[in-house]
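Descriptive structure summary
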Amino acid sequence: MKDFHIDREARGAIQLIKLSGSLDMYSFPRLESQLSGMFEQGLIRVVLDCRNLDYIGSAGLGALIGFAKQAREKGGDVKLLNVPERIYKIIELLGFTKVLQVHETEEAALGSFAS
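Since the structure is predicted, the reported quantities are computational estimates derived from the model, not experimental observations.

1. A closer look at the environment of S27
Looking at the secondary structure, you find S27 in the loop between β2 (14–23) and α1 (28–40). With 19 residues separating them along the chain, S27 and V46 place their C-alpha atoms 19 Å apart. In contact with S27, not counting residues within four places along its chain, are F4 and S22.

What follows is the structure in structure tokens.
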């Protein structure tokens, strides 16, 4: 498995987080720390670009659900972008597409905050 990397870019009031590698029980604390720090700063509109994500474990998926709920409580949200098909199938199978919005383009993901 590849090392886990997080790159963050601001798109106006929305934070675009590019994930690469494997999001598992060992790496998700790094994402948790990044998102918690952003939420404390009031940066609660987040798009996670999963294009280069090779793997996501149950701990990582559970954390994403929790982060989305935290953001929504503060008036924001966490949305997914460019989810590889093999990972999307897992998210869909577990019923998480009811909780996590998944977008195919950056424009759609960013635009979804306007509605």
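2. A short note on the confidence of the model for the chain
In this model, the chain carries a mean pLDDT of 93, and residues with pLDDT of at least 70 account for 98%. For the chain, the element scoring lowest by mean pLDDT is helix α2 (residues 58–73), at 90; strand β4 (residues 77–81) scores highest, at 97.

3. Things to note about the sheet that holds β2
A sheet is described by the order of its strands in space; here five strands give the open sequence β1-β2-β3-β4-β5, paired in mixed fashion. Lying at the two open borders of the sheet, with one neighbouring strand each, are β1 (5–11) and β5 (102–103). Pairing analysis gives two bridges linking β4 to β5, with the strands arranged parallel. From the neighbouring strand, L81 faces β5, where its bridge partner is H103.

Parameters at a glance
Residues numbered from 1 in each chain as written. Predicted model: local features only at pLDDT ≥ 70, side-chain atom pairs only at ≥ 80, totals over all residues. Heavy atoms only, no water. Helix = DSSP H or I, 4+ residues; strand = E, 2+ residues; numbered from the N terminus. Contact = heavy atoms within 4.5 Å. pLDDT = per-residue confidence, 0-100. Pairing = 2+ DSSP bridges.

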